[in-house]
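Residues per chain are reported as follows:
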Amino acid sequence: MKVLISGASVAGPVLAYWLERYGFEPTVVERTPELRHGLGGHAVDLFSNAVEVAERMGLGDAVREARTQIQQLTLHRDGKRPITVDLDRLNAGISDRHVEILRGELTRLLYDATRDRVEYIFGDSIAALADDGTGVDVTFERGEPRRFDLVIGADGMHSTVRRLAFGPEESMQRPLGGYLAVYSMPDELQLGNRMLTHLKVGRLVGLYGVHQTGQARAAFMFHRASELHYDYRDKDRQKQVLADEFRDYGWEVPRMLKHLDAADDFYFDSIAQITLDTWQKGRIGLVGDAGYCPGPAVGGGTSLAVITAYVLAGELAAARSDLPSGLRNYERLVRQSVDASRALAPKVMKTLIPGNQFAMRAVPLAFAVLPHLPTFVQRRIWAQNGIGKALGSLDLPDYADLVRA
């Protein structure tokens, strides 16, 4: 069975790894000419079951070794004393297994685990799909046409597969009102394993060290009542939007913005959700952000991508002779987790980007108090908030008997 996967970031390689183990022939096509990010990208979290999937792939030690090693967060506000938080104690209340890792580092580990057994096509993309019920004829932008038994879009919030098979993105996007930007810069403050953040109503700025490179990563989040209009591929325009939004912010932001123009790993996007009634159509399916992005940086999307890609591969293997049935079973199994992450995202965004002066006082207080509470108390609080439910709402199936020797 030949399966084409669009996207080589997180969900795509996880899906390819398991499909190959189950006896499929996966091909991953990626628009960029080489492996994306390197050590770029923002820090992402693997919680609970996502760490378990990495363990089952034999990547547990490598993922832990590549963690960001950020141990301390200091929260600044104008006119207030800074608050310093032990992140290990804070994260222990959310999950007993947690790894923070740069997205680019995770991508590299997943690629290295699959590159010798999976066909990768870089520098190309899907131009057209034709599903005749028995297979999918794929036209590529550069390569020769090919036929596959199944096509899966794992190509992120701006998915090409979703656009071709399900319709235009605008009809499926639910903006949450926030925006996120991340890029690398010199570690002029010698941050080491520390993260500095600064809060204002409607805006959050962060700066943290990257031990692998000796650089620092600058991160910005902000809320806008009206939606911004820009081309998500136009980096120069996005940089201008960010500079205009934070030009008069103060704190360490002038230092950070000095390095904006030179940043070659700049990322900017809206914090938005992708909502579809179904993630499969015949022999074409979606996984991860392509199908149900819960919101960048606020909905646990990376963990969700890892978990759902694992389940998708297992259900396709279990339904080997009826792949559309496997897609439907996967959708049924993961929907509760997807719904929980979607429900969580607006709450997290309101926490990270305080919308009023009351939140400006409440959020720092919560961060100061929570790490000092017993772990079981923290977990009860997080569960009531919805975070614990979102991260642990799916018990991972065991597909070990489907592995082909």
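Because the structure is a prediction, the values reported are computed rather than measured. (Residues numbered from 1 in each chain as written. Predicted model: local features only at pLDDT ≥ 70, side-chain atom pairs only at ≥ 80, totals over all residues. Heavy atoms only, no water.)

(A) Spatial organisation of the overall build of the chain. Counting its secondary structure elements, the chain contains 14 helices and 18 strands. In terms of overall dimensions, the chain has a C-alpha envelope of 65 × 45 × 35 Å along the principal axes. Contacts in the chain between residues far apart in sequence, at least 24 positions, make up 73% of those at least 6 positions apart. Of the roughly 17400 Å² of accessible surface on the chain, a fraction of 47% belongs to carbon and sulfur atoms. (Helix = DSSP H or I, 4+ residues; strand = E, 2+ residues; numbered from the N terminus. Contact = heavy atoms within 4.5 Å. Areas by Shrake-Rupley, 256 points an atom, 1.4 Å probe, with all protein chains shown as cover.)

(B) A look at the sheet that holds strand β11 (residues 150-153). Strand order across the open sheet formed by 6 strands is β7-β2-β1-β11-β18-β17, with mixed pairing between neighbours. Across the chains shown, the open sheet's two edge strands, defined by having one partner strand only, are β7 (119-122) and β17 (280-281). With 3 bridges joining them, β11 and strand β18 (residues 284-286) adopt parallel strand pairing. The residue of β18 that forms the bridge with Ile152 is Gly285. (Pairing = 2+ DSSP bridges.)

(C) Focus on the environment of Thr351. Assignment of secondary structure puts Thr351 in helix α11 (residues 323-352). Beyond its immediate chain neighbours, meaning those up to four positions away, Thr351 contacts Val363 and Phe367.

(D) Here's a closer look at the sheet that holds strand β10 (residues 146-148). Spatially, the 3 strands line up as an open sheet ordered β8-β9-β10, and their pairing is antiparallel. Both outer strands of the open sheet, β8 (126-131) and β10, are each paired with one neighbouring strand and no more. Neighbour-to-neighbour, the strand axes of the sheet open up by a mean angle of 25°, direction not taken into account. In the sheet, β8 pairs with strand β9 (residues 136-140) via 5 bridges, with the strands oriented antiparallel. Counted as the bridge partner of Ala130 is Asp137 from β9. (Axes fitted to C-alpha atoms, helices over the stretch in contact; angles between N-to-C directions.)

(E) Structural context of the side chain of His259. Its place among the elements puts His259 in the loop between α8 (253-257) and β16 (267-274). Each residue touching His259, except ones within four places of it in the same chain, is listed here: Tyr183, Met185, Pro186 and Glu188.

(F) Representation of the packing of helix α1 (residues 11-21) against helix α5 (residues 103-114) in the model. Between α1 and α5, the least distance of the axes is 9 Å, while the angle of their chain directions is 25°. Classed by the angle they form, the pair α1 and α5 counts as roughly parallel. In the crossing of α1 with α5, the sense of the turn from one axis to the other is left-handed. Of α5, the residues touching α1 (which contributes Pro13, Val14 and Tyr17) are Leu110, Ala113 and Thr114. (Parallel < 35°, antiparallel > 145°, perpendicular 65-115°, else oblique. Left-handed = near helix turned anticlockwise from the far one by under 90°.)

(G) Up close: the pairing of β16. By the criterion of burial, β16 is predominantly enclosed, with 7 of the 8 residues buried. Where strand β12 (residues 173-186) lies against β16, 8 bridges are found, and the strand directions are antiparallel. Its bridge partner being in β16, Ala181 is matched across the sheet by Phe268. (Buried < 20%, exposed > 50% of the residue type's maximum accessible area, 1.4 Å probe, protein only.)

(H) Representation of the pattern of salt bridges. Considering all chains together, one arrives at 21 salt bridges under this definition. Here Arg147 and Asp132 are joined by a salt bridge, their closest N and O atoms 3.1 Å apart. Highlighted residues: Arg147 in strand β10 and Asp132 in the loop between β8 and β9, separated in sequence by 15 residues. Owing to a relative accessible area of 36%, Arg147 belongs among the partly exposed residues under this scheme. Residue Asp132 is classed as partly exposed on the basis of its relative accessible area, which comes to 48%. Residue Arg335 pairs with Glu331 through a salt bridge whose shortest N-O separation is 3.0 Å. In this pair, Arg335 and Glu331 both sit in helix α11, 4 residues apart, roughly one turn of the helix. A residue is classified by how much of its surface remains accessible, and Glu331, at 11% relative accessible area, is buried. (Salt bridge = Lys/Arg side-chain N within 4 Å of Asp/Glu carboxyl O.)

(I) Examining the side chain of Ser184 more closely. Relative to the helices and strands, Ser184 resides in strand β12. By relative accessible area, Ser184 is classed as buried at 12%. Within polar-contact distance, the side chain of Ser184 engages the side chain of Asp265 at 2.5 Å. (Polar contact = N/O pair within 3.5 Å; in protein donor to acceptor, adjacent residues only side chain to side chain.)

(J) Spatial organisation of the packing of aromatic side chains. Counted according to the given criterion, the structure contains 20 aromatic pairs. Ring geometry for Tyr111 against Tyr120: centres 4.8 Å apart, planes inclined by 85°, an arrangement best described as edge-to-face. Residue Tyr120 is classed as buried on the basis of its relative accessible area of 15%. On the basis of an interplanar angle of 40° and a centroid distance of 6.3 Å, the ring pair of Phe222 and Phe268 is categorised as tilted. (Phe/Tyr/Trp six-rings, centres within 6.5 Å; stacked < 30°, edge-to-face > 60°.)

(K) Local environment of helix α12 (residues 357-369). Between its first and last C-alpha atoms α12 spans 19 Å; for 13 residues at 1.5 Å apiece the expected length is 18 Å, and the two agree. For α12, the complete set of buried residues consists of Ala359, Met360, Val363 and Pro364. Burial along α12 is one-sided: seen end-on, the buried residues are contained in an arc of 120°. Exposed residues on α12 whose side chains face more than 90 degrees from its buried face are Gln357, Phe358, Arg361 and Leu365. One side-chain oxygen at the N-terminal end of α12 lies 3.2 Å from the backbone nitrogen of Phe358; it belongs to Asn356. (Expected span 1.5 Å × (residues − 1). Arc of directions from axis to C-beta.)

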